[in-house]
Amino acid sequence: MSFRKDSDSVELEDCIRNPGYRDADGGRKAADTPSPEPGQRRDSTAVEQGSEPASKEYQQVKPYAGMPKEVLLLYSSRARYRVPREILFWLSVCCTLALLAVTVTVIALSPRCLSWWQLSPVYQVYPRSFKDSDGDGVGDLKGITEKLGHFEHLNIKSVWISPFYRSPMKDFGYDVEDFRDVDPLFGTMKDFDVLLAEMHDKGLKLIMDFIPNHTSDRHRWFNLSRTRDPLYEDYYVWTDCNKTNPKPNNWVSIFGNSSWTYDDVRGQCYLHQFLKEQPDLNLRNPKVRQEIIDIIHFWLEKGVDGFRMDAVKHILEATHLRDEPQVDPNLPPELVTTEWDLYHDYTTSQVGLHDLLREFRAEMDTYSREPGKYRFMVTESYDYHEVEKTMMYYGTPLITESDFPFNFYLLDLPHNTSGWWAQHLVSLWMANMPRGKWPNWVVGNHDRSRIASSAGRIYVEAINMMLLTLPGTPTTYYGEEIGMENINITQSQIQDPAGKYNASASRDPERSPMQWSGDMNSGFNDKTNITWLPLHPDYETVNVEVQMKDEGSVLSQYKFLNHLRQSELPFQRGWFCYVLADANVFSYLRELDGHKQAYLMVINFGKQSATTDLSSIQELPDQLQVLMSTKPANDGKVFQKSSILTQPGEGLTIRYSTYTRFHQNHGAECYVSEKACYLDTIDILYKC
């Protein structure tokens, strides 16, 4: 179609005819109109512009395909077309505003997302014993890289690696010679960078051990301090003393005997709350604090995801250096040789300690601002019966300190295997934990006997069940996921410095090489027949490879429970409630408001079979079906709630459906940390 403009009119010239077009009088179709002869001009209808008579105005009954703009404008302003268009426009505006309002409401009501350290168990790797890649008999960083698939198999996302700094190894890495280097025994800094990159590629987080209290006596700072270099003279705790009897006071080392050692170079004594090769830093010196902060920055810049702060209660000591009071006042002072002989009023938990840790926390927080890059901090402090001291490491409602302090109270579980004792140890933490804080649980580490040896082999699966179904973050020491036990060590085989002072205090038994397979050296070292500690004799039957093939194994049960913990909302956000405790059984449940499914745990820590009667618990249905038992033969079994039978060391995870909540009628028996409610109809969590 072409347009020709003569003065103020536009003519419709020859065009391709629209077969569906009809004349205004409803007559012939366009197809019935004869085409003009070549060269003959066809009459055209002019659309008059300007102030032309109304009789010449273009008339057309209906719009048609291919109409020109001028024709379209004639119809677009008519009510039958304009009104629907305006309705659709305002409907779109209203829908957009409604969607925006709903989005804002959902965001406002949504609970805070759980962080990575809350969702996954923390798995402790003791690098000397995890995997040897070069055949020297000692585990290393490349060995850890080779075994990252193990964490993926178990769906573990958080890995804590014990020290691998350059060190003389007097305390196996806790005596640091250089905080910014990797000990050649474990590899190189390049090996670490590769390990960290591989872990991040797999969605894993790396937590490093950090030792702020002391260094090695071979550290550059100590050598400069002992020569009284003006910049480093006060980097450590020095005092005048008698060379022949270097005891400025009665303070005792963790490893026994005096905490003071005379240094011939400086002519003074230095403090060491651990080995004499581990001099204590003077954290009251601002320069020392800045050095520690600079080291924290060094590793965070590399991309480390968090730190486990070692031995934090020892960081500061009283400046007056007075004698500490004796536990037994009648004990002759010369017989005060162990840490248990004194009340440590002047060497632990001193004023200023928490200010210092909060300063470290603030520095770490500057690296946590990027989404998904939260930097985690956990503190280690054995406070034993003084649980209120441990709780102080959580910080205050206004100032965050550690994300949580390690909870070591379940390490005492073997002292009395009963339901009452298990509930007591759990309650010791839950009842004292500040409101809204996140709990955690530890049943083994590199300083304590393996739970399979201390509690008994039959309780391993039950303890793992409790560990993975209690609220909070569980910590698993390497090998506990397969039920490894302590090894027997002869006097000549002792490697642990503590064991060389006192054979009964050796920590070697719980540090034996990881049992990967039934092959040579259990797959720990597949290049040479060397291992830094002996393997446990049961490695051919208790190993990862064998247990991966057995659905009823310790490893398979651990994997199942960890998956359940991470996939089911009641375990992540739900209430934790005590149900029953007696001489044998400890029972508790996990539930979430609005969520139909809830879970009941019945765990027998006793020495005999037990029949548990929960008929008084009205919130439970009459019939309960076992989702998982540590005795696989009982999987799927249905019990009456008045008669739940368990064997010694057996744990039951029971799933049931009800909207009736236990915690509403038993508030004193229940706890919740990250409280939320669930709306079943649209599958969302909201604040409540």
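This is a predicted model, so every value here is computed, not measured.

## Some points on the pairing of strand 13 (residues 376–379)
Of the two faces of strand 13, both are covered, the one formed by Phe-376 and Val-378 as well as the one formed by Met-377 and Thr-379. Of the crossover connections in this fold, the one passing from strand 12 (residues 306–309) over helix 10 (residues 353–365) to the parallel strand 13 is right-handed. The sheet contact formed by strand 13 and strand 14 (residues 404–405) spans two bridges and is parallel. Paired with Thr-379 across the strands is Pro-405, a residue of strand 14.

## A look at the layout of surface pockets
Unfilled space is identified by rolling a water-sized probe across the atoms. Reported here for the largest pocket is a volume of approximately 910 Å³. Surrounding the largest pocket, 32 residues form its lining, Ile-254, Phe-255, Glu-339, Arg-448 and Arg-507 being those nearest its centre. When grouped by side-chain class, the residues that make up the lining of the largest pocket number 11 nonpolar, 12 polar and nine charged.

## Looking at the nonpolar core
One finds Phe-192, Trp-299, Phe-307, Val-426 and Met-466 to be the most contacted residues of the largest nonpolar core, which totals 126 residues. Among the elements that line this core, the one with the most residues is helix 9 (residues 286–302), at seven residues. Apart from residues lying up to four places away in sequence, Phe-192 is in contact with Leu-141, Phe-164, Val-182, Leu-206, Met-208, Trp-299, Lys-302 and Val-304. The next biggest cluster of nonpolar side chains, apart from the first, holds 21 residues, and it includes Leu-614, Ile-644, Ile-654 and Cys-670.

## Thoughts on the sheet that holds strand 24 (residues 651–657)
Sheet architecture is open: seven strands sit in the order 22-21-24-19-18-17-25, paired in antiparallel fashion. Unpaired on one side and paired on the other, strand 22 (638–640) and strand 25 (670–671) mark the two borders of the sheet. Inspection of the sheet shows strand 17 (residues 575–581) paired to strand 25 by two bridges, in the antiparallel sense. When the bridges of strand 25 are listed, Phe-576 appears paired with Tyr-671.

## Looking at the domain arrangement of the protein chain
Taken domain by domain, the protein chain comprises domain 1 (69–109) and domain 2 (575–686). Taken over C-alpha atoms, the centre of domain 1 sits 53 Å from the centre of domain 2.

## Some details on empty space enclosed by the protein
Taken as a whole and judged by the stated rule, the model has four cavities of 30 Å³ or more. Computed from the structure, the second largest cavity encloses a volume of approximately 50 Å³. Class assignment of the residues belonging to the lining of the second largest cavity gives a composition of four nonpolar, four polar and three charged.

## A short note on the sheet that holds strand 4 (residues 122–125)
What the eight strands build is an open sheet, ordered 14-13-12-8-5-4-16-15; its pairing is parallel. Taken across any chain shown, the strands that pair with only one partner, and hence form the sheet edges, are strand 14 and strand 15 (440–442).

## Considering helix 14 (residues 460–469)
Counting buried residues in helix 14 gives 10 out of 10 residues, a clear majority hidden from the surface. Buried within helix 14 are the following residues: Val-460, Glu-461, Ala-462, Ile-463, Asn-464, Met-465, Met-466, Leu-467, Leu-468 and Thr-469.

## Here's the deal with the confidence of the model for the protein chain
Per-residue confidence for the protein chain gives a mean pLDDT of 91; residues scoring 70 or more make up 91%. Residue range residues 1–14 is modelled with pLDDT below 50. Its contacts to residues more than four positions away, or to other chains, number 36 contacts. The model gives residues 23–55 a pLDDT under 50, and that stretch makes 43 contacts with residues more than four places away or in other chains.

## Points about the side chain of Gln-118
Assignment of secondary structure puts Gln-118 in helix 3 (residues 116–119). Classification of Gln-118 as buried rests on a relative accessible area of 2%. Polar contacts involving the side chain of Gln-118 include one to the main-chain amide nitrogen of Ser-115, which spans 2.8 Å. At 3.5 Å, the side chain of Gln-118 forms a polar contact with the side chain of Glu-674. Sequence-distant contacts of Gln-118, defined by excluding residues within four places in its chain, comprise Arg-112, Trp-438, Thr-473, Arg-565 and Glu-674.

## Let's talk about a nonpolar patch on the surface
Nonpolar side chains collect at one region of the surface, where Val-83, Ile-87, Leu-88 and Leu-91 lie side by side and expose about 360 Å² of accessible area between them. With respect to the element layout, Ile-87 can be found in helix 2 (residues 79–109). What makes Ile-87 partly exposed here is its relative accessible area of 48%.

## Notes on the UniProt feature "domain: Glycosyl hydrolase family 13 catalytic" (unreviewed entry) in the protein chain
Taking the UniProt record as the reference, the feature "domain: Glycosyl hydrolase family 13 catalytic" (unreviewed entry) is found at residues 124–511. Across residues 124–511, helical content stands at 27% and strand content at 12%; the span's end C-alpha atoms are separated by 12 Å.

## Describing the environment of Phe-130
As for its position among the elements, Phe-130 is in helix 4 (residues 127–130). Phe-130 gets classed as buried once you look at its relative accessible area, which sits at 0%. For Phe-130 and Gly-203, which are 73 residues apart along the polypeptide, the C-alpha to C-alpha distance reads 20 Å. Ignoring anything within four residues of it in the chain, the contact list for Phe-130 reads Tyr-123, Val-125, Ile-144, Lys-147, Phe-151, Tyr-478, Met-514, Trp-516 and Phe-524.

## Overview of the UniProt feature "transmembrane region" (unreviewed entry) in the protein chain
When the UniProt feature table is mapped to this numbering, "transmembrane region" (unreviewed entry) covers residues 87–109. Summarising residues 87–109: 100% helix, 0% strand, and an end-to-end C-alpha distance of 32 Å.

## Remarks on the state of the cysteines
A full pass over the atoms with the stated rule returns three disulfides. Across the disulfide, Cys-577 is cross-linked to Cys-670 (sulfur-sulfur distance 2.1 Å). The disulfide joining Cys-577 to Cys-670 has a torsion of about 120 degrees about its S-S bond and is therefore right-handed. In this pair, Cys-577 is assigned in strand 17 and Cys-670 in strand 25, connecting sequence segments 93 residues apart. The burial state of Cys-577 is the same as that of Cys-670; both residues are buried. Sequence-ordered numbering of the bonded cysteines in the protein chain yields a pairing of 1-2, 3-4, 5-6. Looking at the unpaired Cys-94, the closest cysteine sulfur is the one in Cys-95, lying at 7.0 Å.

## Structural notes on the packing of aromatic side chains
Taken as a whole and judged by the stated rule, the model has 44 aromatic pairs. In this structure, Lys-147 is placed above the aromatic ring of Trp-516, and the distance from its NZ or CZ to the ring centre is 4.4 Å. If you follow Arg-450 out to its NZ or CZ, it ends over the ring of Tyr-478, 4.6 Å from the centre.

## What to know about the pattern of salt bridges
Per the counting criterion, the structure on display carries 29 salt bridges. In this structure, Lys-389 and Glu-386 form a salt bridge, with 3.3 Å as the shortest nitrogen-oxygen distance. Overall, Lys-389 belongs to the partly exposed group, its relative accessible area being 25%. Overlapping salt bridges bring together Asp-171, Asp-447, Asp-496, Arg-507 and Arg-511 as one network.

## What about the packing of helix 7 (residues 189–201) against helix 9?
The geometry of helix 7 relative to helix 9 is characterised by a closest axis approach of 11 Å and an angle of 55 degrees between their N-to-C directions. In terms of orientation, helix 7 and helix 9 fall into the oblique class. Facing Met-189, Phe-192, Asp-193 and Leu-196 of helix 7, the residues of helix 9 in contact are Phe-298, Trp-299 and Lys-302. Split into classes, the residues belonging to the contact of helix 7 with helix 9 amount to five nonpolar, no polar and two charged.

## Some remarks on the environment of Gln-491
Structurally, the position occupied by Gln-491 is in the loop between strand 16 (473–477) and helix 15 (497–501). Classification of Gln-491 by relative accessible area gives exposed; the value is 58%. Separated by 12 residues in sequence, Gln-491 and Ala-503 place their C-alpha atoms 7.1 Å apart.

What counts, and where the lines are drawn
- Positions within a chain are numbered from 1, following the residues in the order the chain's sequence is written.
- With the structure being a predicted model, the display of local features is reserved for residues of pLDDT at least 70 and the display and counting of side-chain atom pairs for 80 or more, all residues being used for whole-chain, interface and lining totals.
- Computation of side-chain values: all heavy atoms of the structure, hydrogens and water removed.
- Each residue is placed in one exposure class: buried if its accessible area under a 1.4 Å probe, protein chains only, is under 20% of its type's maximum, exposed if it is over 50%, and partly exposed if it falls in between.
- Secondary structure counts use DSSP, requiring at least four H or I residues in a row for a helix and at least two E residues in a row for a strand, with both numbered from the N terminus.
- Handedness is read with the strands pointing away from the viewer; a crossover is right-handed when the path from the first strand over the helix to the second is clockwise.
- The pairing criterion for strands is at least two bridges between them, as found by DSSP.
- Any residue with an atom within 4 Å of a point lines the site, the site being either a cavity, points on a 1 Å grid over the protein atoms alone where a 1.4 Å probe fits but cannot get out, or a pocket, an open set with protein on both sides within 12 Å along at least 5 of 7 lines.
- Grid points are joined across faces, edges and corners, and a volume is the space filled by probe spheres set on the points.
- In this count, Pro and Cys sit with the nonpolar residues alongside Ala, Val, Leu, Ile, Met, Phe, Trp and Tyr, while Asp, Glu, Lys and Arg are called charged and the others, Gly among them, polar.
- Residue types Ala, Val, Leu, Ile, Met, Phe, Trp, Tyr and Cys, when buried and joined through side-chain atoms within 4.5 Å, form a set referred to as a nonpolar core.
- Any two residues having at least one pair of non-hydrogen atoms within 4.5 Å are treated as being in contact.
- Residue ranges assigned to the domains are those given by an automatic or database domain assignment.
- Each residue gets a pLDDT score, which is the predictor's confidence in that residue and runs from 0 to 100.
- Nitrogen and oxygen atoms within 3.5 Å of one another constitute a polar contact, given that in protein one can donate a hydrogen and the other can accept it, and given that sequence-neighbouring residues count only through two side-chain atoms.
- Think of a patch as exposed residues, more than 30% relative accessible area, with no salt bridge, where like charges cluster within 9 Å and nonpolar side chains (Val, Leu, Ile, Met, Phe, Trp, Tyr) cluster within 5 Å.
- For every accessible area listed, the method is Shrake-Rupley and the probe measures 1.4 Å; residues are considered covered only by the protein chains on display.
- Salt bridge, as used here: a side-chain nitrogen of Lys or Arg that lies within 4 Å of a carboxyl oxygen of Asp or Glu.
- UniProt positions are given in the numbering used here, feature names are shortened, and annotations may be inferred rather than shown by experiment.
- Counting rule for disulfides: a pair of cysteine sulfur atoms within 2.5 Å.
- Side-chain rings of Phe, Tyr and Trp, where Trp is taken by its six-membered ring, are said to pair if the distance between their centres is within 6.5 Å; with planes under 30 degrees apart they count as stacked, over 60 as edge-to-face, and otherwise as tilted.
- Here, a charge over a ring is recorded when the distance from Lys NZ or Arg CZ to the ring centre is within 6 Å and its angle to the ring normal is within 35 degrees.
- Every angle, taken between N-to-C directions, lies between 0 and 180 degrees, and every axis is a line fitted to C-alpha atoms, over only the stretch in contact when it is a helix.
- Between 65 and 115 degrees an angle is taken as roughly perpendicular, under 35 as roughly parallel, over 145 as roughly antiparallel, and anywhere else as oblique.

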